[in-house]
Amino acid sequence: MTEKRDEIQPAHRLVAHVEVPRLDNGLYLVATPIGTARDITLRALDVLNGADVLAAEDTRVLRHLLDIHGIPLRGRRIVPYHDHNGERARPGLMAALAEGASIAYASDAGTPLVADPGYRLAREVAEAGYRVHAVPGPSAPLAALSLSGLPSDRFLFLGFPPSTKGARMTWLRHWMAVDATLILFESPRRVNQTLKEMCEVDPNRPTVVARELTKKFEEVIRGSAADLAADPRMAALKGEVVMLLDRPTAVQADDDVVRTALQARLGAMTVKDAAREVAGELGMARRDVYQIALGMAEDRNR
């Protein structure tokens, strides 16, 4: 006698509906898809459908999203709010709040205020005593972290690195010494250069380059900084890019190695700056390197 197994039911269309809730007075920060339009949440659709006022970093992007999901404007206009018009646009939005309105704000893609406009608006709304609501959803940094394979118990989002080489090198040396997984955005045109500069700090650092997340041409490339810097794909990247760096590996460097690294710097920079740079380069605690640097500086001054 054979045991009859439960048959797997075939996939079928789910029935869902978008509500028009009566939203409380306040600002609603609505996370929107970073690629695939269906990644939006039902609550986000409810808020976009029910808000008295709609605001967006790019009105065309939000209008297209509303069209895809069948959300009518019903006479509402979409107020543009971005880095270039924030000072002019905020008074009108604050006036709407004063009249009891609910405002839904969406940036181009992902979670508003994460490397996107909206920070000053949210701060002013909160300082004026109105409620700020988060409508969570897609986020490129978190999506990249979840698929990177790098430790996620402690991470730091850094936004975009500086565009000039000198400032970027200083920035990389500083942040690559931090004991956390690092997440940063980068222009696809500069990824190759950034990887090469990372190699000057730590060529063996496990690194992930993720592009076009949730989109048709999504690609995740893993390897050391040196491996990726030598990868020909880096010179021809397209689309939105997120880079992730593993935390530094503890390095056991003897005093001679530390002293040699400090000796090359103490004549050209302060003790504090030399210690910071060497600590970052060797993956050591800054306070330990600083103590050695202080002793060397005292010897030089005798």
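Parameters and conventions
Residues numbered from 1 in each chain as written. Predicted model: local features only at pLDDT ≥ 70, side-chain atom pairs only at ≥ 80, totals over all residues. Heavy atoms only, no water. Helix = DSSP H or I, 4+ residues; strand = E, 2+ residues; numbered from the N terminus. Buried < 20%, exposed > 50% of the residue type's maximum accessible area, 1.4 Å probe, protein only. Areas by Shrake-Rupley, 256 points an atom, 1.4 Å probe, with all protein chains shown as cover. Lys, Arg positive; Asp, Glu negative; His and termini not counted. Charge placed at Lys NZ, Arg CZ, Asp CG, Glu CD. Phe/Tyr/Trp six-rings, centres within 6.5 Å; stacked < 30°, edge-to-face > 60°. Pairing = 2+ DSSP bridges. Axes fitted to C-alpha atoms, helices over the stretch in contact; angles between N-to-C directions. Contact = heavy atoms within 4.5 Å. Parallel < 35°, antiparallel > 145°, perpendicular 65-115°, else oblique. Left-handed = near helix turned anticlockwise from the far one by under 90°. Core = buried A, V, L, I, M, F, W, Y, C linked by side-chain atoms within 4.5 Å. Salt bridge = Lys/Arg side-chain N within 4 Å of Asp/Glu carboxyl O.

(A) Spotlight on the overall build of the protein chain. Each helix and strand counted, the protein chain has 11 helices and 10 strands in total. Its C-alpha atoms put the protein chain at 80 × 75 × 40 Å along the principal axes. Relative to its full complement of 302 residues, the protein chain shows a buried share of 43%. Looking at the protein chain as shown, the accessible area adds up to about 17000 Å², and 51% of this sits on carbon and sulfur atoms. Positive and negative side-chain charges in the protein chain, numbering 39 and 40 respectively, have mean positions lying 3 Å apart.

(B) The arrangement of the packing of aromatic side chains in detail. Per the counting criterion, the structure on display carries 3 aromatic pairs. With a centroid separation of 5.0 Å and 70° between ring planes, the pair formed by Phe 157 and Phe 185 is classed as edge-to-face. In this pair, Phe 157 is assigned in strand 6 (residues 155-157) and Phe 185 in strand 7 (residues 181-186), connecting sequence segments 28 residues apart. Look at Phe 185 and you get buried, because its relative accessible area is 13%. Pairwise contacts between aromatic rings join Phe 157, Phe 160 and Phe 185 into one cluster.

(C) The arrangement of the sheet that holds strand 6 in detail. With respect to topology, 5 strands assemble into an open sheet ordered 6-7-10-8-9, the strand pairing being mixed. The sheet is open, and its two edges are formed by strand 6 and strand 9 (219-224), each paired on a single side. Sheet twist, expressed as the average angle between the axes of neighbouring strands with direction ignored, equals 20°. Here strand 8 (residues 206-211) runs beside strand 10 (residues 241-245); their pairing, made up of 5 bridges, is antiparallel. Counterpart to Arg 211 in the pairing with strand 10 is Val 241. Relative to strand 10, helix 7 (residues 191-201) is tilted by about 10°, and along the sheet it contacts strand 7, strand 8 and strand 10.

(D) Looking closely at the packing of helix 9 (residues 255-266) against helix 11 (residues 286-301). Across the interface, helix 9 lies against helix 11 with an axial gap of 10 Å and an inter-helix angle of 60°. Relative to helix 11, the element helix 9 is oriented oblique. Relative to helix 11, the crossing made by helix 9 is right-handed. Packed against helix 9, whose contacting residues are Asp 255, Val 258, Arg 259, Leu 262, Gln 263 and Leu 266, the element helix 11 presents Val 289, Ile 292, Ala 293, Met 296 and Arg 300 at the interface.

(E) Here's a closer look at unusual backbone geometry. In the Ramachandran plot, Leu 113 falls in the positive-phi region, its phi being about 80° despite a non-glycine side chain. Note that Leu 113 resides in the loop between strand 4 (102-106) and helix 4 (119-127). Leu 113 gets classed as partly exposed once you look at its relative accessible area, which sits at 28%. Despite not being glycine, Ala 115 has its phi angle at roughly 60°, a positive value.

(F) Spotlight on the sheet that holds strand 5 (residues 132-135). Pairing is parallel across the open sheet formed by 5 strands, whose spatial order is 3-2-4-1-5. Each edge of the open sheet carries a strand with a single partner, namely strand 3 (78-80) and strand 5. Pairwise comparison of adjacent strand axes, ignoring direction, gives a mean angle of 25° for this sheet. Here strand 1 (residues 26-30) pairs with strand 4 via 4 bridges, running parallel.

(G) Highlighting the nonpolar core. In this structure, Met 176, Val 191, Leu 195, Met 198, Val 209, Met 234 and Met 243 are the most contacted members of the largest nonpolar core, which totals 21 residues. Taken together, the elements giving at least two residues each to this core come down to helix 6 (165-175), strand 7, helix 7, helix 8 (225-229) and strand 10. Contact partners of Met 243, with chain neighbours within four places excluded, come to Leu 182, Ile 183, Leu 184, Glu 186, Val 191, Thr 194, Leu 195, Met 198, Val 208 and Val 209. By size, the runner-up hydrophobic cluster in this structure holds 19 residues, among which are Leu 45, Leu 54, Leu 65 and Ala 104.

(H) The arrangement of the pattern of salt bridges in detail. One pass over the structure, following the stated rule, counts 14 salt bridges. Ionic pairing is found between Arg 211 and Glu 219, a salt bridge with its closest N-O pair at 2.9 Å. The network of salt bridges with shared partners includes Arg 211, Glu 219, Asp 231 and Arg 233.

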